[in-house]
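Reading the structure
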Amino acid sequence: MTQTLLHGLSSDEAVRRLAQYGPNAAPEAPPVGVFKFILRTLKEPMFFLLAAAATLYLFVGELGEGLFMVVGAGASIALVVFQEFRSERALRALQKLAEPMAQVLRDGQERRVAARDLVPGDVIFIGEGQRITADAVLLAGDALVVDESILTGESAPVAKTLASDGADLAFPEPGGDCTPFLYAGCVIVRGFGVARVGRTGPRTAVGGLGASLAAIKSEPSPLQKRTGELVAKLGAFALAFCALVILAYGLVHGDWFEGAIAGITLAIGLLPEEFPMVLAIFLAIGAYRLARQNVLVRRSSVTETFGSTSLLCVDKTGTLTQNRMVVARLYAGGAVEPVPDAPDAEQHRLIRAALRASSVSPVDPMDRAVHALAARLEIPAGGTATESFPITPELLAFIQFWRVEGGALKAAKGAPEAIFRLASVKEELRARYAAAVEELAQAGLRVLAVAESEVIQGALEEAPYRLLGLVAFEDPIRGDVPAAVAAARRAGVGVAMITGDYPATALAIARAAGIDTSGGVLMGAEIAETPPGEVAAKIRDARVFARVMPTSKLALVEAFKADGHIVAMTGDGVNDGPALAAAHIGVAMGQRGSDVAREAAHIVLLDDRFASIVAGIELGRRISSNLRKALTYVTAIHIPIAGLALTPIVMGLPPMLLPAHVVLMELIIDPTCSLAFEAQPGEKDAMLKPPRPQSEPLFGTRDLLLGVAQGFAVFLAVLSVYVLAISLNRPEAEARGLSFSTLIVGNLTLALADALPKGASPFSPENLPFWAIAGVALSAVAAGLYFPPLAALLRFAPPAAEDLAIASLLAMSAGGWYGMWRRLFD
């Protein structure tokens, strides 16, 4: 066992075993096939109406028109299926990014690999807050306590013991204390350890791996739910109105066929079926774009709200700083000094006691820093650790018992206040040490005190501690943090730093990062002592919080929410789960965060960098802005379609729009929404404006009225062309062709005017999808006007060139007035 523990498997052996045993994952569900996408699409009311129109043409009307409707409906279905595949591909890419990882020993080196690549025989490192990735046997570690309730239903966690050499790998049923067996899916509540994998994949007790962690939850967002209800109501209204038009047309004109065609055309025009598709595509593709910024969205609905964040609550360590601790200063009772190359006797004893008060298999950055310093100065621990006691909320110190030459001792390392109490430090000495702590904290250093008992022969529990000194750690600010904080504050996004550090340290780090310190620093104890109803008022102006326990973070989140903020909260520990779940946007650390935190969070930060959060907010604002524009456009374009399907009939004129024309329009609208709008860059001043207020919906009454106004302008322009052409005795087919050309040009102009950010060039690379769509649409219209077989199907005739030019200018004015107004006055 010792050889395996020291070196683990070789890479070649791991590859061989992976081929033999298969991936350490549950069997994957097959991807959604084309047939399922088609069935899902055919259930939409739009395709029911198209099918009805095609059936009427095939069996009552012209065969050619019926076949055209069938081809058009097929093309529309193909477009929808293509967009569904695009969204599905984006979600599967996110699924791979969300897969759990494991720390494994391969070729004698510690590596981070995908948990699905673990094989029986691998040696893995496990620690507090992690979800165990495979069934394994505990080989080494300290005070490991595991929650096995996922398998046993028992809420009480169980303690684990180390396996003896040659331990039998015949795993018993889960449950029971003092066994060395660890089971996939269970969470480590306390302690750290080293284990050897025994079973993987479907052979584990849980029958699979980390399903809850790997899953990207794509539950409908609030806006999706609202629009789904709206489309359902409009669908019912459209069908009812369709029946009314058919009845009225048939009774008044006696032409039930034309009445049915007119009713179906109107129903299609009234039904904004693009809403659900646009929302699904924008949220899925938006989540994929965020992942490319190292912001992994685990719940796609949060894409809608990320850009509205008004307050970022961030942890200091690893987010604002590099999470790369080094011992920078020592204090052994005399003066604060840098770490010397040749420590004196007092410093030597301080470093050795700090080493003894650190985990034997260090995971914590400060424990690692102590081990690195002791190794560099060649200071051994000088004994064997026998028992350890992790930090608790009641005692912010790590204690470890040691067996050494001459007997036993205990060493403790932790918050200065906690160590002072343990060592029963007298007031005069406490004051001297407090001054040293203040000096170190003012320099932005993290300070821990160290104490140790004398070597004794009897029981250690009552042995008194002796305070040996202070160890100060430095964790430098990330280079990109000050600029990112400044960008957030310019965008109206507040930044609050929440840390367990000493207040002076917290203020020093906050000033270096550019966080607002005008409100001073608020202590965790003050928050805990404040009545819940008064916390929001107390913290309103504070942006630096020190000595905050993880359990107090939930109170902070609730208070900020009560104060009207949309809160994004970062966290990495087991106890951060409630606060992450309570925040509007919970952000877990992907590299150093616990599995429990990642599962509770809405977003996982893949690189743990604060700058990535700010970049994600900027991208979130771009996604929200483009989504709002697309929904406004969808609203606008349905106004002229519905109006032109109904108004000529009411006026006693020949019908202008037929189902085939609406099919052509849909073939333009769908890709315009999902390609042209989604690809647009953000507004240049997006990060110079405050976030969208919580009370303001993404697509509200103002946007709806704007869409109606824009659509009504296009409707009036097209109707004017049609009425004028009929009044000038132009043939019906020529008037229809001229009016439909006006509608297409107005539609394309409207799309470009709505999609373009202020000041952006229409010919930028981001607009290539739009121009491609415009080219295809105009080519289709030209073919419909000048290619006789197609013109006959669409009931078009070519208009005069001067009429077409004047109508096109009118269409561009009607479709582009809002875009021009934005450029000049907004």
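From a predicted model like this one, the values you see are computed outputs, not experimental measurements.

1. Considering the side chain of Ser 764
Within the secondary structure, Ser 764 sits in the loop between α27 (732-755) and α28 (768-786). The class of Ser 764 is buried, set by a relative accessible area of 16%. A polar atom in the side chain of Ser 764 sits 3.2 Å from the backbone oxygen of Ser 761.

2. As for the pattern of salt bridges
As enumerated under the stated definition, the model contains 25 salt bridges in all. Residue Arg 349 is joined to Glu 454 by a salt bridge in which the shortest nitrogen-to-oxygen separation is 3.6 Å. Linking Arg 349 in helix α13 (residues 345-356) with Glu 454 in the loop between β15 (446-453) and β16 (465-474), this pair joins segments that are 105 residues apart in sequence. We classify Glu 454 as partly exposed; its relative accessible area is 46%. Measuring nitrogen to oxygen at the nearest pair gives 3.7 Å for the salt bridge that ties Lys 689 to Asp 685. Among the charged side chains, a salt-bridge network with shared partners connects Arg 349, Arg 356, Glu 452 and Glu 454.

3. Topic: helix α30 (residues 801-825)
With 25 residues, α30 extends 35 Å between its outermost C-alpha atoms, agreeing within 8% with the 36 Å of an ideal straight helix rising 1.5 Å per residue. Maximum bend of α30: about 55 degrees, positioned at Gly 816. Inspection of α30 places Asp 803, Ala 807, Ser 808, Ala 811, Ala 814, Gly 815, Gly 816, Tyr 818, Gly 819 and Arg 822 among the buried residues, and these make up the whole buried set. In the core, the buried residues of α30 are packed alongside α24 (610-650), α26 (701-727) and α27.

4. Some remarks on the nonpolar core
By size, the foremost hydrophobic cluster in this structure holds 60 residues, and its most contacted members are Val 278, Tyr 633, Leu 644, Met 665, Phe 740, Leu 743 and Ile 744. Those residues in contact with Ile 744, other than ones at most four positions away along the chain, are Met 665, Ile 668, Ala 777, Leu 778 and Val 781. Counting 40 residues, the second largest nonpolar core, distinct from the first, contains Val 481, Met 497, Val 614 and Ile 623.

5. Re the sheet that holds β15
If you walk across this open sheet you meet the 7 strands as β11-β10-β16-β15-β14-β13-β12, and the pairing is antiparallel. Edge positions in the sheet fall to β11 (337-338) and β12 (384-389), since each has one partner strand and no second. Where strand β10 (residues 326-331) meets β11, 2 bridges bridge the pair, whose relative direction is antiparallel. Note that in β11 the partner of Arg 329 across the bridge is Pro 338. Docked against the sheet, helix α14 (residues 365-376) engages β10, β14 (407-414), β15 and β16, running at close to 75 degrees with respect to β10. Together, β10, β15 and β16 form the strand contacts of helix α16 (residues 427-442), whose direction differs from that of β16 by roughly 10 degrees.

6. Points about the environment of Val 455
As for its placement among the helices and strands, Val 455 is situated in the loop between β15 and β16. C-alpha of Val 455 to C-alpha of Trp 402: the two residues are 53 residues apart in sequence and 9.4 Å apart in space. In this structure Val 455 touches Val 404, Glu 405, Gly 406, Gly 407, Ala 408 and Leu 409, once residues within four positions along its chain are discounted.

7. Notes on the sheet that holds strand β21 (residues 585-589)
In space, the 8 strands of this open sheet follow the order β8-β22-β21-β20-β9-β17-β19-β18, with mixed pairing throughout. Here the strands that pair on one side only, and so sit at the sheet edges, are β8 (295-297) and β18 (521-523). Across the sheet, the mean angle separating the axes of adjacent strands is 20 degrees when strand polarity is ignored. Across 4 bridges, strand β20 (residues 567-571) lies against β21 in parallel orientation. Paired with Thr 570 across the strands is Val 587, a residue of β21. Lying on the sheet, α24 is in contact with β8, β9 (311-315), β17 (494-498), β20, β21 and β22 (603-605); it crosses β9 at an angle near 160 degrees.

8. Some remarks on the packing of α26 against α30
Two numbers describe how α26 lies on α30: the axes approach to 8 Å, and their chain directions differ by 170 degrees. Overall, the two elements α26 and α30 adopt an arrangement that is roughly antiparallel. Here α26 contributes Leu 706, Ala 709, Gln 710, Ala 713, Val 714, Ala 717 and Val 721 to the contact with α30, which in turn contributes Ala 807, Leu 810, Ala 814, Gly 815, Trp 817 and Tyr 818. Of the residues in the contact of α26 with α30, the class split is 11 nonpolar, 2 polar and no charged.

9. Details of the packing of aromatic side chains
For the structure shown, the criterion picks out 13 aromatic pairs. Ring plane angle 5 degrees and centroid distance 5.4 Å describe the contact between Phe 763 and Trp 771, whose orientation is recorded as stacked. Counting every residue linked through ring pairs, the aromatic cluster contains Phe 171, Phe 181 and Tyr 183.

10. A few points about the pairing of β20
Counted residue by residue, β20 has 5 buried out of 5 residues, so it is predominantly covered. Burial of β20 is two-sided: the residues Val 567, Met 569 and Gly 571 facing one way and the residues Ala 568 and Thr 570 facing the other way are all buried. Direction of pairing for β9 relative to β20: parallel, over a ladder of 3 bridges. Across the sheet, residue Cys 313 finds its bridge partner in β20, namely Met 569.

11. Regarding the side chain of Thr 179
Along the polypeptide, Thr 179 turns up in the loop between β5 (158-159) and β6 (181-182). Looking at Thr 179, its side chain comes within polar contact range of the side chain of Lys 160, at 3.3 Å. Among all residues touching Thr 179, those that are not within four sequence positions of it are Ala 159, Lys 160 and Thr 161.

12. As for unusual backbone geometry
Positive phi values are uncommon outside glycine, yet Glu 378 reaches one of about 60 degrees. Considering the arrangement of structural elements, one finds Glu 378 in the loop between α14 and β12. In this structure Glu 378 comes out as exposed when scored by relative accessible area, which is 70%. With phi around 60 degrees, Arg 795 is a residue other than glycine that occupies positive phi space. The topology assignment puts Arg 795 in the loop between α29 (788-794) and α30.

13. Some points on helix α10 (residues 274-291)
The end-to-end C-alpha distance of α10, which contains 18 residues, comes to 25 Å, matching closely the 26 Å that a straight helix rising 1.5 Å per residue would cover. Extensive coverage of α10 is indicated by the burial of 14 of its 18 residues.

14. Side note on the environment of Arg 446
Along the polypeptide, Arg 446 turns up in strand β15. Take Arg 446: its relative accessible area is 22%, and that puts it in the partly exposed class. Arg 446 sits 119 residues away from Val 327 along the chain, and the two C-alpha atoms are 9.4 Å apart. Residues within four places of Arg 446 in sequence aside, it is in contact with Met 325, Met 366, Val 471, Ala 472, Phe 473, Asp 501 and Thr 505.

15. With respect to the pairing of β21
Counting buried positions along β21 gives 5 out of 5 residues, so the element sits mostly inside the fold. Neither face of β21 is left uncovered, since the one carrying Ile 585, Val 587 and Met 589 and the one carrying Gly 586 and Ala 588 both have all their residues buried. Examined bridge by bridge, β21 and β22 share 3 bridges and lie parallel to one another. Counted as the bridge partner of Val 587 is Ile 603 from β22.

16. Digging into the packing of α13 against α14
Packing of α13 against α14 leaves a shortest axis separation of 9 Å and a crossing angle of 135 degrees. In terms of axis orientation, α13 runs oblique to α14. Of the two possible hands of crossing, α13 and α14 adopt the one that is left-handed. In this structure, α13 contributes Ile 351, Ala 354 and Leu 355 to the contact, and α14 contributes Val 370, His 371, Leu 373 and Ala 374.

17. Concerning the confidence of the model for the protein
Predicted confidence across the protein gives a mean pLDDT of 84, with 86% of residues reaching 70 or more. Mean pLDDT across the secondary structure elements of the protein bottoms out at helix α7 (residues 211-214), with 40, and peaks at α13, with 96. Per-residue pLDDT stays below 50 along residues 208-217; that stretch engages in 34 contacts with residues further than four places along the chain or on separate chains.

Rules used throughout
- Residues numbered from 1 in each chain as written.
- Predicted model: local features only at pLDDT ≥ 70, side-chain atom pairs only at ≥ 80, totals over all residues.
- Heavy atoms only, no water.
- Helix = DSSP H or I, 4+ residues; strand = E, 2+ residues; numbered from the N terminus.
- Buried < 20%, exposed > 50% of the residue type's maximum accessible area, 1.4 Å probe, protein only.
- Polar contact = N/O pair within 3.5 Å; in protein donor to acceptor, adjacent residues only side chain to side chain.
- Salt bridge = Lys/Arg side-chain N within 4 Å of Asp/Glu carboxyl O.
- Expected span 1.5 Å × (residues − 1).
- Bend = angle between axes of the 7 residues up to and from the residue.
- Contact = heavy atoms within 4.5 Å.
- Core = buried A, V, L, I, M, F, W, Y, C linked by side-chain atoms within 4.5 Å.
- Pairing = 2+ DSSP bridges.
- Axes fitted to C-alpha atoms, helices over the stretch in contact; angles between N-to-C directions.
- Parallel < 35°, antiparallel > 145°, perpendicular 65-115°, else oblique.
- Nonpolar A, V, L, I, M, F, W, Y, C, P; charged D, E, K, R; others polar.
- Phe/Tyr/Trp six-rings, centres within 6.5 Å; stacked < 30°, edge-to-face > 60°.
- Left-handed = near helix turned anticlockwise from the far one by under 90°.
- pLDDT = per-residue confidence, 0-100.

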